[in-house]
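Single-letter residue listing:
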Amino acid sequence: MFSLFPGADMKCCLQALTSLVLLGVVSAQRQVAVQEGPLYRTEGSHITIWCNVSGFQGPSEQNFQWSIYLPSAPEREVQIVSTTDSAFPYAIYTQRVRSGKIYVERIQGNSALLHITELQARDAGEYECHTPSTDKKYFGSYSAKMNLVVIPDSLQATATPQTLQKVEQDSLELSCDVATETSQHSHLSVTWYRQRAGEKPVEVISLSKDFVLQSSSEYSQRQTLGEVRLDKLGETTFRLTIYHLQTSDQGEFYCEAAEWIQDPDKSWYPMTLKRSEGTVVNVQPTDKEFSVRLETDKRLYTVGEPVEFRCILEAQNVPDRYFAVSWAFNSSLIASLGPNAVPMLNSEFAQRESQGQLKVSKESDSVFVLKIYHLRQEDSGKYNCRVTEREKTVTGEFIDKESKRPKNIPITVLPLKSSISVEVTSNASTILEGENLHFSCSVRTVDRTQGRFSVIWQLLDRRNRRSNIMWLDRDGTVQPGSSYWERSSFGGIQMEQVQPNSFTLGIFNSRKEDEGQYECHVTEWVRAVDGEWQIVGERRASTPVSITALETGFAVTAISRTPGVTYSESFDLQCIIKPHYPSWVPVSVTWRFQPVGTIEFHNLVTFTRDGGVQWGERSSSFRTRTAIEKAESSNNVRLSISRASDTEAGKYQCVAELWRKNHNSTWTRLAERTSNLLEIRVLQPVTKLQVSKSKRTITLVENRPIQLNCSVKSQTSLNSHFAVLWYVHKPSDADGKLILKTTHNSAFEYGTYAEEEGLRGRLQFERHMSGGLFSLTVQRAQVSDSGSYYCHVEEWLLSPNYAWYKLAEEVSGRTEVTVKRPDIRLKLSQAQGNITVLETQKVELECMVLNRTSGTSRLSVEWHVWKPNHPERETVARLSREATFHYGDQVAKNHWKGRLHLESPSLGVYRLIIQNTAVQDSGTYNCLVEEWLLSPSDVWYKRAEDSSGQTIVTVLRPDATLQVDTVVPNVTVPEKSPFQLDCNILSRSSQESRFAVAWYALRTKAGGKKGSTLEDEEIERKAMLSVGPDAIFGPEGNHWEGRLRFQRLSPVLYRLTVLQADPSDTGNYSCRVEEWLSNPQKEWYRLTEEESGPIGIQVLDTGSTLQSIICSNDALFYFVFFYPFPIVGILIITILLVRFKSRNSSKNSEGKNGVPLLWIKEPHLNYSPTCLEPPVLSIHPGTID
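Residues numbered from 1 in each chain as written. Predicted model: local features only at pLDDT ≥ 70, side-chain atom pairs only at ≥ 80, totals over all residues. Heavy atoms only, no water.

- The name given to the chain in an unreviewed UniProt entry is Immunoglobulin superfamily member 3, with Sarcophilus harrisii as the source organism.
- Here is the UniProt Subcellular location (unreviewed entry) comment for the chain, exactly as written: "Membrane". (UniProt positions renumbered as here; feature names shortened; annotations may be inferred.)

As structure tokens, this is what we get:
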């Protein structure tokens, strides 16, 4: 028994601590030691981990801090508990530390134990014990680590709860199943306890972790005597057995299991403990009373009969008590049995017991038996038994207690008298020589005595001579007579006692001399009182047997029902044996044969006496065609010869021999008989060959097969084979020429015509399942194959000797064959088409074959184009009959490569696809199809060609839709400030287009008229900056050099920024945009160009200006900039009203020169970016016309 407590390893811990302290003193260096890991502990258990420090300086009481490194974050320290700082634990452990489930126990000033009372799975990890330094200098180690592995608690201890009622001296068996699923190597200990109410549990027996059985002091002696056992049954079951229960064993029994694991320091630690449910056992004291009775079957016996007396004890808990039994005859002791059941007999009965005549035994715990196997007359008297209970003392001695005996049983033994009778029977009174004889001798008795019999079998032959066959003495020994000794030794004569009163005699393979009178002589014996045997009486009985000799009437006859047969037919020969012998009679039959034209017989085949077949030396030609059969019910032998030939014609005769098998397995020939002669004649068959004479005419297209049939209407035999010769007759030839010959054994031979015309690879011969129809197929017929065809048939038969011979031959009717070339049926679709696409789009041109000459033909497709102003036809692409794609001759000129794609989506439809079309692809297209056929000689030839309808393809460039923003505001900027010139593209012709952008300064040429508009004046364009479609910049204008900044804000928005504006920069500006596109040949061309509207730029001088004067005076500022606005507004409204009225009064409302009197654009207000400058109203050139 053990208990689980946190300090279980304290002794080992203190020893380690002491050694470590000594080590620290010697080294004068701080060393921190922690319990060695890894430690394996179960969930829910209480674990302790010791830690000590040595070699330190300062106070003797050191402090300890415990941390853990979890497997999920092995580099991160998680603080658990400290002996000094209550705020040391992290939040995950704070509650468990405060509740006392995790704490540190001081063992000494320099050693401590970490306690975790209810271990959790998340507590697994690497633990670190740290001791804060109290040293003057940092020297040594201040922490140590170990690993803790937390495994599931899988230990289970289960027992069936129950309440048992037992009687004193009964046995008790209880089982407890203990199982664990721990993957680690662990040991189990199992302990059985008995507990009574208000008492401490008492250990009954336990199996320690080291597999040692032990008990408490209360049960140790009973364990030594084997009365208390603990057995392990299977893998998990532990059975407690208590023999001879005592009243002190009453209580509740339960088992307790513990799982132990060995720590790295080699000590064993109990990881978990489980207790099963209990079984309440109540033990009742026994009743000591008992009774005895004596029984036997009957009271009257005969000398030699057995008798059995049964002394039956009736008591409680007999197996747990001790009884002695004694037997008495006429008040004289016969025998006694002690508690050890060893019988002790007196001198007279001990001698009879040693001779096996008497037996005293214990049949069971409560039944004792006295048995006398052979009663004597002096055994008549009274029998009884006495039972005495004994008590065993502590020293092992027995003390007699109560004794009881039943009433006497008297028996009477009568003397013997002979009263037997004998009867003999046999299996037959008349038998055939060689059959078996069976005799039975039955002895009947009036009373069932225990005597024995001796039996003698004798034979009285026809001459009244008596001989002893075999006898059996009273001891069961069998002895044969002198004249039958040899036959008996080979098992030919057997005698057996099948029952106590029944004896048999068997004579096997009888002889003629076994005939006579068989007699059974029986003598009855009984054993006298002195053990000697004496004759009581004798009786005899007999029966006659007659035996018929085997050779009586033995004769043989040969017959046949088919003296004349045809080749390949069968005939039978029968050898009839008389008389009709049973199948076991050994008869050998030999068939002899004399071929036609010879005078000597030779043995053909012999059916031996043991049923085997033995062929003669000259019978090789018969073996495969001859069957020999012996009838099951007789010795008649049938000889069947199949596929008869001349070699089987001749005279046949059979010879029969009658045999007898002797007792020593030798054979004796009793007789031989020869039959009459049989003559067999073999004739040849008459032919019935007929070949079809019908004529046919066949006209077919070249390359089709020519089917030629040769039909056999009738044949002589179903086994006939045919040789077929095929001929062709041409008008220019006098005789037919051999094409092919197939022999009767299916071998092929090509004729001279087949070799000359190269027909070998085109001929196919076939014999149909019907057997009489032969076909010759000329594959891939040619025009030269035309002619008259016929077949020549030879009928062959297989002779019985497996040699083929030609029986007949016949010629068939002729088949006229005409081969021609196929008619031309190639036709293409003539549909006309007109396709217009934009450049870079694709064009699909379809060529459809509506019909073709043959389904196996191959087509070549060629596409042509007629381009404008080019009268010559150009080949675009060609698809050969081998499905190989080829470009036309002008592939480089037209840039076809990589842009053409040919596909055939369905049979007869060919589609040419021109990708990324260009303007030069415009033209008139059509396709030309050639149809090619494969000649029978595997040569392709062009049979037909046809052209499709034409399709006009027009490829256009995209429409120019370039648009640049023409409405741009005027801008006023101060000197030295930058201004921006935006070029905004509103629309483009294609998303793939690129732009070239250029900015210009618009200046009026010198000498221009003052006051004229931009349209009227001669404008000089000064290039500021240009950017090509390839993003290459042109040179900057001289005036702006170094002051321009270009930006592309989006694909359609370009900006030019002029830095350090100068009053000389005042003027109009514009941007010109060119749109460029790439053609399919990746060449860029200019599609269109567009120019924006003029942008007016006013650069103000930053010197002392009117503006600065006005801005410096608030009153003047409001007077100049705010009050004039209403006045100017009223003025504009007045002008507009005057103009409206003048339009109503004048038809055209025009001036003298047709120019509007007044055109005012919206004034451009440029508000100063600073809050100190008022808005600027500026009217730029071109504002008022």
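### Some thoughts on the overall build of the chain
Step number 1: Looking only at helices and strands, the chain has 11 helices and 86 strands in total.
Step number 2: Its C-alpha atoms give the chain a radius of gyration of 69 Å, clearly above 32 Å, the size a compact globule of 1185 residues would have.
Step number 3: Considering only C-alpha atoms, the chain reaches an extent of 190 × 140 × 70 Å along its principal axes.
Step number 4: For the chain, with 1185 residues in total, the buried portion stands at 41%.
Step number 5: For the chain, contacts bridging at least 24 residues in sequence account for 60% of all contacts bridging at least 6.
Step number 6: Separation of charge centres in the chain, based on 129 positive and 139 negative side chains, amounts to 5 Å. (Helix = DSSP H or I, 4+ residues; strand = E, 2+ residues; numbered from the N terminus. Rg over C-alpha atoms; globule rule 2.2 N^0.38 Å. Buried < 20%, exposed > 50% of the residue type's maximum accessible area, 1.4 Å probe, protein only. Contact = heavy atoms within 4.5 Å. Lys, Arg positive; Asp, Glu negative; His and termini not counted. Charge placed at Lys NZ, Arg CZ, Asp CG, Glu CD.)

### Details of the state of the cysteines
Step number 1: The full count for this structure, using the stated rule, is 8 disulfides.
Step number 2: Bridging cysteine 847 to cysteine 927, the disulfide has an S-S length of 1.9 Å. Here the disulfide of cysteine 847 and cysteine 927 is right-handed, its torsion about the S-S bond being about 65°. Remark: cysteine 927 occurs in strand β72 (residues 923-934) and cysteine 847 occurs in strand β66 (residues 843-851); sequence separation between them is 80 residues. (Disulfide = S-S within 2.5 Å.)

### Focus on the nonpolar core
Nonpolar side chains in soluble globular proteins tend to end up buried together.
Step number 1: Counting 35 residues, the largest nonpolar core has Trp591 and Tyr652 as its most contacted members.
Step number 2: Looking at this core, the elements with two or more residues in it are β42 (555-559), β44 (571-578), β45 (587-595), β46 (602-607), β49 (637-641), β50 (650-661) and β52 (678-683).
Step number 3: One finds Tyr301, Val318, Trp327 and Leu358 within the second-largest nonpolar core, a separate group that totals 30 residues. (Core = buried A, V, L, I, M, F, W, Y, C linked by side-chain atoms within 4.5 Å.)

### Points about unusual backbone geometry
The phi torsion of most residues other than glycine is negative, and most of the peptide bonds are trans.
Step number 1: Backbone torsion omega between glycine 37 and proline 38 reads 0°, so that peptide bond is classified as cis.
Step number 2: Positionally, proline 38 belongs in the loop between β1 (31-34) and β2 (39-42).
Step number 3: Phi at alanine 1031 is positive, roughly 65°, even though this residue is not glycine.
Step number 4: In this fold, alanine 1031 is placed in the loop between β79 (1019-1027) and β80 (1044-1050).

### Side note on the side chain of serine 67
Step number 1: Along the chain, serine 67 turns up in strand β4 (residues 65-69).
Step number 2: Those residues in contact with serine 67, other than ones at most four positions away along the chain, are Glu77, Val78, Gln79, Ile80, Phe88, Glu126, Tyr127 and Glu128.

### Some words on the packing of aromatic side chains
Step number 1: In total, this model carries 21 aromatic pairs according to the counting rule given.
Step number 2: For the ring pair phenylalanine 722 and phenylalanine 774, a centre distance of 5.9 Å and an interplane angle of 75° mean the geometry is edge-to-face. Of this pair, phenylalanine 722 sits in strand β56 (residues 721-729) while phenylalanine 774 sits in strand β60 (residues 773-778), placing them 52 residues apart in sequence. Neither residue differs from the other here; phenylalanine 722 and phenylalanine 774 are each classed as buried.
Step number 3: Members of the aromatic cluster, each reached through a chain of ring pairs, are Phe571, Phe593, Phe622 and Tyr652.
Step number 4: The ring of tryptophan 260 carries lysine 209 above its face, with NZ or CZ at 4.5 Å from the centroid. (Phe/Tyr/Trp six-rings, centres within 6.5 Å; stacked < 30°, edge-to-face > 60°. Lys NZ or Arg CZ within 6 Å of the ring centre and 35° of its normal.)

### Quick word on helix α2 (residues 91-98)
Each α-helix turn comprises 3.6 residues. Residues three or four places apart therefore point the same way.
Step number 1: Tyr93, Thr94 and Arg96 are the residues of α2 that are buried.
Step number 2: Looking at the buried positions of α2, the neighbouring elements they touch are β4, β5 (78-82), β6 (102-108) and β7 (111-116).
Step number 3: Glycine 100 occupies a position one or two residues after α2 and carries a positive phi of about 85°.

### Some points on a nonpolar patch on the surface
Step number 1: Taken together, the side chains of Val1128, Ile1132 and Leu1136 make up a nonpolar region of the molecular surface, amounting to roughly 250 Å² of accessible area.
Step number 2: Along the chain, isoleucine 1132 turns up in helix α11 (residues 1124-1145). (Patch = residues over 30% accessible without salt bridge, like charges linked within 9 Å, V, L, I, M, F, W, Y side chains within 5 Å. Areas by Shrake-Rupley, 256 points an atom, 1.4 Å probe, with all protein chains shown as cover. Salt bridge = Lys/Arg side-chain N within 4 Å of Asp/Glu carboxyl O.)

### Side note on the pairing of strand β70 (residues 900-906)
On any regular strand, side chains alternate: one points to one face of the sheet, the next to the other face.
Step number 1: Taken together, the 5 bridges between β70 and strand β71 (residues 909-914) define a ladder with antiparallel strand orientation. Bridging from a neighbouring strand, serine 906 pairs with valine 909 of β71.
Step number 2: Once β70 ends, the chain turns through 2 residues before running back antiparallel as β71, passing glycine 908 with a positive phi of about 85°. (Pairing = 2+ DSSP bridges.)

### Brief notes about the confidence of the model for the chain
Step number 1: Confidence in the prediction for the chain averages 85 pLDDT; 90% of positions are at 70 or higher.
Step number 2: Here residues 1-27 is modelled with pLDDT under 50, and outside its nearest four sequence neighbours on either side it reaches 34 contacts, counting other chains as well.
Step number 3: Low pLDDT (under 50) marks residues 1146-1185, which in the prediction has 50 contacts with non-local residues, meaning those over four places away or in another chain. (pLDDT = per-residue confidence, 0-100.)

### Considering the sheet that holds β70
Step number 1: Across the sheet, which stays open at both edges, the 4 strands sit in the order β64-β66-β71-β70 with antiparallel pairing between neighbours. Each edge of the open sheet carries a strand with a single partner, namely β64 (827-828) and β70.

### Looking at the pairing of strand β14 (residues 202-207)
Step number 1: For β14, a buried count of 6 out of 6 residues is recorded, marking the element as mostly surrounded by other parts of the structure.
Step number 2: Bridge count between strand β13 (residues 186-195) and β14: 5 bridges; the pairing is antiparallel. Bridge pairing in β14 places tyrosine 193 opposite glutamate 203.
Step number 3: Counted along the chain from β13 to the antiparallel partner β14, the turn is 6 residues long, and its residue glycine 198 has a positive phi close to 80°.
Step number 4: Sheet analysis places β14 next to strand β15 (residues 213-214), joined by 2 bridges and oriented antiparallel. Within β15, the position partnered with serine 206 by the bridge is glutamine 214.

### A few points about the sheet that holds β42
Step number 1: The 4 strands are arranged β42-β44-β49-β48 in an open sheet whose pairing can be described as antiparallel. Of all strands in the sheet, those with a lone pairing partner are β42 and β48 (626-630), marking the two edges. With direction set aside, neighbouring strand axes in the sheet form an average angle of 15°. (Axes fitted to C-alpha atoms, helices over the stretch in contact; angles between N-to-C directions.)

### Comments concerning the pattern of salt bridges
Step number 1: For the coordinates displayed, the defined rule picks out 59 salt bridges.
Step number 2: Where glutamate 389 meets arginine 321, a salt bridge forms, and the shortest distance between an N and an O atom there is 3.0 Å. Of this pair, glutamate 389 sits in strand β29 (residues 381-392) while arginine 321 sits in the loop between β23 (307-315) and β24 (322-329), placing them 68 residues apart in sequence.
Step number 3: Judged by its relative accessible area of 8%, glutamate 389 falls in the buried class.
Step number 4: Across the pair glutamate 810 and lysine 693 runs a salt bridge, and its minimum N-O distance is 3.6 Å. In this pair, glutamate 810 is assigned in strand β62 (residues 804-811) and lysine 693 in the loop between β53 (690-691) and β54 (696-701), connecting sequence segments 117 residues apart.
Step number 5: We classify lysine 693 as partly exposed; its relative accessible area is 47%.
Step number 6: One network of salt bridges, in which partners are shared, links Glu862, Arg878, Glu930, Lys942 and Glu945.

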